[in-house]
Amino acid sequence: MDEILNQILQEEEELQFSRFNEDTAWEIGNALIQHAIRERLPVTIDITRGEHQVFHASRPGTSPDNDEWVKRKVRLVNRFGHSSFYIGQLLKSKGKTLEQAYLIPEGSYAPHGGCFPIFVQGTGMVGTITASGLPQQDDHRLVVDAIREYLRK
């Protein structure tokens, strides 16, 4: 378990932007949706900058439930400043639920993979990129791979 947690923390440290704006959100969001189209993935993609939703799109096979999962994952990342997958794995390693560990309800916060914090170098966390619709580790990987690809350019 420590290996998984350390890997996720390494991703958070490594995957930082020099700047992030609406054009960045559009480029990453569009790349995620194009990937979902090619792979026929039933996924909702959401990107926020602060409290502003700057990108949101859903593919066939999703439902309003995915929008609710997105909101709960985003709320969790905004509260803890770590990816939703990290918090979920941390809780699993402790054998506790979110409510047991932090006294916050899972009806409002989702400790499940798929929401990744947007870090800007020298600034800190400025938003989130979220996927919902796949198994949690796949949602997480989809977002991490898209950020990594964008930052390679």
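Anyway, here's the lowdown on the structure attached to this text.

Thresholds applied
- Residues numbered from 1 in each chain as written.
- Predicted model: local features only at pLDDT ≥ 70, side-chain atom pairs only at ≥ 80, totals over all residues.
- Heavy atoms only, no water.
- Helix = DSSP H or I, 4+ residues; strand = E, 2+ residues; numbered from the N terminus.
- Rg over C-alpha atoms; globule rule 2.2 N^0.38 Å.
- Buried < 20%, exposed > 50% of the residue type's maximum accessible area, 1.4 Å probe, protein only.
- Contact = heavy atoms within 4.5 Å.
- Areas by Shrake-Rupley, 256 points an atom, 1.4 Å probe, with all protein chains shown as cover.
- Lys, Arg positive; Asp, Glu negative; His and termini not counted.
- Charge placed at Lys NZ, Arg CZ, Asp CG, Glu CD.
- Phe/Tyr/Trp six-rings, centres within 6.5 Å; stacked < 30°, edge-to-face > 60°.
- Lys NZ or Arg CZ within 6 Å of the ring centre and 35° of its normal.
- Axes fitted to C-alpha atoms, helices over the stretch in contact; angles between N-to-C directions.
- Parallel < 35°, antiparallel > 145°, perpendicular 65-115°, else oblique.
- Left-handed = near helix turned anticlockwise from the far one by under 90°.
- Nonpolar A, V, L, I, M, F, W, Y, C, P; charged D, E, K, R; others polar.
- Expected span 1.5 Å × (residues − 1).
- Arc of directions from axis to C-beta.
- Polar contact = N/O pair within 3.5 Å; in protein donor to acceptor, adjacent residues only side chain to side chain.
- Salt bridge = Lys/Arg side-chain N within 4 Å of Asp/Glu carboxyl O.
- Pairing = 2+ DSSP bridges.

Let's talk about the overall build of the chain
(1) Moving on: Helix and strand counts for the chain come out as six helices and five strands.
(2) Moving on: The helix and strand sequence of the chain, counted from the amino end, reads α-β-α-β-β-α-α-α-β-β-α.
(3) Moving on: On C-alpha atoms alone, the chain measures out to a radius of gyration of 14 Å, which is about the 15 Å that the 2.2 N^0.38 rule sets for 153 residues.
(4) Moving on: In terms of overall dimensions, the chain has C-alpha extents of about 40 × 40 × 30 Å along its principal axes.
(5) Moving on: Expressed as a percentage of the 153 residues in the chain, the buried residues total 46%.
(6) Moving on: Once local pairs closer than 6 in sequence are excluded, the contacts in the chain between residues at least 24 apart make up 64%.
(7) Moving on: Approximately 7,900 Å² of the chain is accessible, and the part contributed by carbon and sulfur atoms is 46%.
(8) Moving on: Here the chain carries 17 positive and 21 negative side-chain charges, and the mean point of each set is 1 Å from the other.

Some details on the packing of aromatic side chains
(1) Moving on: Under the criterion given, the structure shown has four aromatic pairs.
(2) Moving on: For the ring pair Phe17 and Phe20, a centre distance of 5.2 Å and an interplane angle of 80 degrees mean the geometry is edge-to-face.
(3) Moving on: Judged by relative accessible area, Phe17 falls into the buried class, the value being 1%.
(4) Moving on: Among the aromatic residues, those joined into a cluster by ring pairs are Phe17, Phe20 and Tyr150.
(5) Moving on: Sitting over the ring of Trp69, Arg72 keeps its end group 4.5 Å from the ring centre.
(6) Moving on: Across from the ring centre of Tyr109, 5.7 Å away, lies the NZ or CZ of Arg79, which sits over that ring.

Observations concerning the packing of helix α1 (residues 2-14) against helix α6 (residues 136-152)
(1) Moving on: Here α1 crosses α6 at 30 degrees, and the two axes come no closer than 11 Å. Relative to α6, the element α1 is oriented roughly parallel. By crossing handedness, the relation of α1 to α6 is classed as left-handed. Each of Gln7, Ile8, Glu11 and Glu14 in α1 lies in contact with α6, whose residues at this interface are His140, Arg141, Val144 and Arg148.
(2) Moving on: A breakdown of the residues in the contact of α1 with α6 according to their chemical character gives two nonpolar, two polar and four charged.

Some words on helix α2 (residues 22-39)
(1) Moving on: The end-to-end C-alpha distance of α2 is 25 Å, a good match for the 26 Å that 18 residues give at a rise of 1.5 Å each.
(2) Moving on: The complete set of buried residues in α2 reads Thr24, Ala25, Ile28, Gly29, Leu32, Ile33 and Ala36. Viewed end-on, α2 has its buried residues packed into an arc of 155 degrees, placing them on one side of the element. The exposed residues of α2 that point more than 90 degrees off its buried face are Asp23, Trp26 and Arg38.
(3) Moving on: Its side-chain oxygen 2.9 Å from the backbone nitrogen of Asp23, Asn21 forms the N-cap of α2.
(4) Moving on: Where α2 ends, the next residue or the one after it, Arg40, has phi of about 55 degrees, a positive value.

Focus on the pattern of salt bridges
(1) Moving on: Applying the stated criterion across every chain yields a total of eight salt bridges.
(2) Moving on: Taking the shortest distance from any N to any O, the salt bridge between Lys153 and Glu27 comes out at 3.7 Å. On the criterion of sequence distance, the pair formed by Lys153 in the segment after α6 and Glu27 in helix α2 is long-range, its members being 126 residues apart.

Remarks on the sheet that holds strand β2 (residues 44-49)
(1) Moving on: Pairing within the open sheet is mixed, and its five strands lie in the order β1-β4-β5-β2-β3. Looking at strand neighbours, the two that pair on one side only are β1 (16-17) and β3 (52-58), the edges of this open sheet.
(2) Moving on: Both β1 and strand β4 (residues 115-120) contribute to a ladder of two bridges, which runs parallel. Note that in β4 the partner of Gln16 across the bridge is Phe119.
(3) Moving on: Its contacts with the sheet put α2 on β1, β2, β3 and β5 (124-132), and the angle it makes with β3 is roughly 15 degrees.

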